[in-house]
Every structure is written in C-alpha cells, then in structure tokens.
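Understanding the architecture of this molecule
This is what each chain is made of:
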Protein chains: 2
Amino acid sequence: MRTPEELTELFRSSGRKITAQRQCIFRVLQGNETHPSAETVHAMVSVEMETISLKTVYQTLHDLAELGEIISLDVGTGMTRFDPNTGDPHHHLVCRKCRSVRDLVAGFPDLQIPEGADLGFEVGSAEIVFRGLCPDCQLSAQGQGADIPVRA
Amino acid sequence: MRTPEELTELFRSSGRKITAQRQCIFRVLQGNETHPSAETVHAMVSVEMETISLKTVYQTLHDLAELGEIISLDVGTGMTRFDPNTGDPHHHLVCRKCRSVRDLVAGFPDLQIPEGADLGFEVGSAEIVFRGLCPDCQLSAQGQGADIPVRA
DNA sequence: CCGGTATCAACAATGATTGTTGAAAAACAA
DNA sequence: TTGTTTTTCAACAATCATTGTTGATACCGG
Ligand SMILES: [Mn+2]
Ligand SMILES: [Mn+2]
Ligand SMILES: [Zn+2]
Ligand SMILES: [Zn+2]
C-alpha cells in the first residue's frame, strides 16, 4: 500500500473524492501488520473519529482493494482480513486460539506441482496458511483451553 | 473415512443410533472427491430420501467430523466443504470460477519455515490452496468471464 | 457557488449455519 | 414386545458478517 498522500492522489485521479474518513482509514492501515478485519479497522478509526460508520469503512476498504492497494484475505477466521502489504508476496501464520494473523516472509519456491497432479487445473496462485499458536497464546495455554472453531 | 459398515459400528459404539438418514449420508460421502458442502450433500441424499432435512445433514456431518471421519474445510468459497479423504495428507486446487475443489496429492516436504521467520508461532499444520481454473472453466473462459468473488 | 459524491443513521436483507419447539417416528436394550 | 432414549421433521427464529436502501445532511472540488 502506498502512503496516505499517494493514496489521496490516487483516489482523486480515479474520480473518487477525498474525505477525512478516508484519509483516517489510510493512516490506520499504513504499516499495519495485524491484518485487521473491517470491524477492527472501524474500531481503530473510531478513536479519532467517533461517528464514522462501519458502512463507510467497508466502502473504503473495497475501494482500496479495487485499486489493488490492499488485499482481501480469507484465512478461515470468519471475517475478511485486510492486508496493506502488497509489496512482497508472502504467506500467513494464523493462531488457532486468538485468530491473530501475521506475515510469514519466506519464499517456498518449491510449490511446483508435480507433472499430472494438477488434474488439468490452470493454477494461477498458491497461498499457504500455517496454523498454530501465537506467542501470547502459548503462555496462556497452560493445560486446557479450547481452540476457537474455524468458521461456523 | 471408513466404509459405511464400519461407520455404522463406530456410531453405535460411540452411543449414537443408526438411522436410514445417517447411512444414506455415509454412502453419499464414501469415495466422494468433490468436497461437497452441506447443501450439496443434502441435494445428493435427497435423491434417495426426498424428505431428509438439511438440519439432519448438518448434524451428521458434525458427528462425522467430531469422530475424525471427515474434515471440515474452509477454502474461501463461502461454505464449509467436507472432505472424507482423511487418509493421506494433501492440499487443494480451487477453481476461481465455479468454486470446485479437487485434491492435490503431493508432498511439499519443504514447508520448513526458515529460522526466525515464524515470529515465535508454534506451528502445527500447513495448508496450501492453489487457485486457478478447472478444466471445464478453461473451456468456457473464452475471453471474458468474471471470477466469483471469494466470500463476501 | 454548484453539482455530484460521500456520509450518516436507521433499518432491512442476504446466506450459511445454528438453535428451538413439539410432535412423531424410529432405534435398541431389556 | 415393551419402554426409554434418540433422532428426525417442519417450521421457525436467531446468529454473524456483510451488503443494500433511504432520505437527509455535509462537503469535495472544479
Ligand atoms: Mn500479510
Ligand atoms: Mn481433499
Ligand atoms: Zn493467539
Ligand atoms: Zn471451474
């Protein structure tokens, strides 16, 4: 994702108008590595703008995704997560307990599908989701503690 | 997943009763490689039993998942898919257009996370989702044709 | 300044899934 | 066979993330 300033320019040049809400969302997303959901973005933005609506957040996130400035992620946590890190291709670590999502910056160049194993699919991309326990949840996982079920 | 006969025994020995509905679901799942959703299982079972309720299908699928006989999959198609192939670990090919899901039986033993890249996560499993176009959709993809958006 | 967006609140709707109820049917142990 | 327990069913309502709607107000930008 580009800087809020560049996004401002991009929005304008793509026929969109610049509002305080949108710029606030730009700022919140900038450098954010937590892969927030729309709700989470809304909560963060609400600190600065108490009256911003969740609807507006969804709209702006969709605009950003449409422009390729953020990526919509579905890692099975029940809510779409948004990722401003569009620069380097990467994979994700997902905590089974608290559902936090972190980047895993590693190549894995060996995702070549063996001859004939692709069943005729024309494969365009591959995503790896590593599931486990984040550092925080390892501490609080003394003995018991059920995982949060993955979506429904 | 075991055979319908073995599942019948397993259900009984786990305190569950055997019904015509459940056995019908066992049969439909047996050897099914399409990763059906609950709705799809319901549709298939309905051919034999017109009055079976979707609720019953959900219940039985959950029982089977609880017993480890099938796996619940979330590959971003909006509906949970069920996989009776619990024998060999494998990954999945997902069609961007029709959302069909097929097995990709390949090792990928090189999913070792580089030192320090795991951010302290205690990683238990890794799933790879390959996205692309299935053979059928390659044919009907002459020129245009929008992808079905991934969940929401 | 003016026209077109954007935002807001408030609300309804979606779609997959789960919960509830009460009645009827079936399973199965004795 | 009988009696207890489970399961199923229909018909609903509820959930949760997300999208749509409306009408009024605000404000961006040429
Ligand atoms: Mn990421
Ligand atoms: Mn599979
Ligand atoms: Zn955690
Ligand atoms: Zn397809």
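Because the structure is predicted, anything quoted here is derived from the model rather than measured. (Residues numbered from 1 in each chain as written. Chains lettered and ligands numbered in written order. Predicted model: local features only at pLDDT ≥ 70, side-chain atom pairs only at ≥ 80, totals over all residues. Heavy atoms only, no water.)

**Quick look at the side chain of B:E69**
All names here are of chain B. The line we're drawing: Secondary structure follows DSSP: runs of H or I at least 4 residues long count as helices, runs of E at least 2 residues long count as strands, and numbering of each begins at the N terminus. A simple rule labels every residue: compare its accessible area, found with a 1.4 Å probe on the protein chains alone, to the largest value its type can have, and call it buried under 20%, exposed over 50%, or partly exposed in between. Contacts are assigned to residue pairs that have any heavy atoms within 4.5 Å of one another.
Locating E69 in the fold gives a position in the loop between α4 (54-66) and β1 (71-73). For E69, a relative accessible area of 4% gives the class buried. Not counting chain neighbours up to four residues away, the residues in contact with E69 comprise M1, R2, L7, L10, L64, P84 and T86.

**Considering helix α2 (residues 20-29) of chain A**
All names here are of chain A. Within α2 the residues assigned to the buried category are R22, C24, I25, F26, V28 and L29. Check the buried side of α2 and you find it contacts α1 (4-13), α3 (38-48) and α4 (54-66). Positive phi shows up at G31, right after α2, with a value of about 70°.

**What to know about the pattern of salt bridges**
All names here are of chain A. What counts is decided by this rule: Note on definitions: salt bridges are taken to be side-chain nitrogens of Lys or Arg within 4 Å of carboxyl oxygens of Asp or Glu.
Inspection of the entire model under this criterion finds twelve salt bridges over all chains. Residues D63 and R22 are paired through a salt bridge, measuring 3.5 Å at the closest nitrogen-oxygen approach. Remark: R22 occurs in helix α2 and D63 occurs in helix α4; sequence separation between them is 41 residues. Per residue, the accessibility class of D63 equals that of R22, and both read buried. Among the ionic pairs, R102 bridges to E33, the shortest N-O distance being 3.8 Å.

**Some remarks on the relation of the copies chain B and chain A**
Heads up, the rule is: Superposition of the copies was done by least squares, using only C-alpha atoms of residues whose pLDDT is at least 70 in both.
Expressed as a screw transformation, the operator carrying chain B onto chain A has a rotation angle of 180° and an axial translation of 0.0 Å, and the superposed copies differ by an RMSD of 0.0 Å. The transformation relating the two chain copies, once decomposed into turn and shift, fits a two-fold axis. Closest approach to the rotation axis among the C-alpha atoms of chain B is made by B:I128, whose C-alpha sits 2.2 Å away. An overlap of 100% is found between the interface residues of chain B and their copies at the interface of chain A, pointing to a shared contact surface.

**Here we look at the sheet that holds strand β4 (residues 101-104) of chain B**
How we decide: Here, any two strands with at least 2 DSSP bridges between them count as paired. As a rule, the C-alpha atoms of each element are fitted with a line to give its axis, helices using only the stretch in contact, and angles between N-to-C directions run from 0 to 180 degrees.
In spatial order, the strands read β4(A)-β3(A)-β5(A)-β5(B)-β3(B)-β4(B); together these six strands make up an open sheet with mixed pairing. Every interior strand has two partners, whereas the edge strands, β4 (101-104) of chain A together with β4 of chain B, have only one. Across the sheet, the mean angle separating the axes of adjacent strands is 30° when strand polarity is ignored. Where strand β3 (residues 91-95) of chain B lies against β4(B), four bridges are found, and the strand directions are antiparallel.

**A closer look at the packing of α2(A) against α3(A)**
All names here are of chain A. We apply this condition: Helix crossings are classified by the rotation of the near helix relative to the far one: an anticlockwise turn of less than a right angle makes the crossing left-handed, while a clockwise turn makes it right-handed.
Contact pair α2 / α3: the axes reach a minimum separation of 10 Å and the direction vectors enclose 115°. Crossing hand, α2 versus α3: right-handed. Here α2 contributes C24, I25, R27, V28 and L29 to the contact with α3, which in turn contributes V41, M44, V45 and E48.

**Details of the coordination of the zinc ion (ligand 4)**
Residue and element names in this part refer to chain B. What counts is decided by this rule: Note on donors: an N, O or S atom is included if it sits within 2.8 Å of the metal, or within 3.2 Å for Na, K and Ca, and water is never included, so sites can look incomplete. Only four donors with every angle between 85 and 135 degrees are called tetrahedral; only four or six donors with opposite donors over 155 degrees apart and all others between 65 and 115 are called square planar or octahedral, in that order; all others are irregular.
At this site the zinc ion (ligand 4) is bound by C95 (SG), C98 (SG), C134 (SG) and C137 (SG), with donor distances of 2.3 Å. Around the zinc ion (ligand 4) sit four donor atoms, and with donor-metal-donor angles ranging over 105 to 114° the site reads as tetrahedral. Each donor residue of the zinc ion (ligand 4) belongs to the same chain, and together they define the spacing C-x2-C-x35-C-x2-C.

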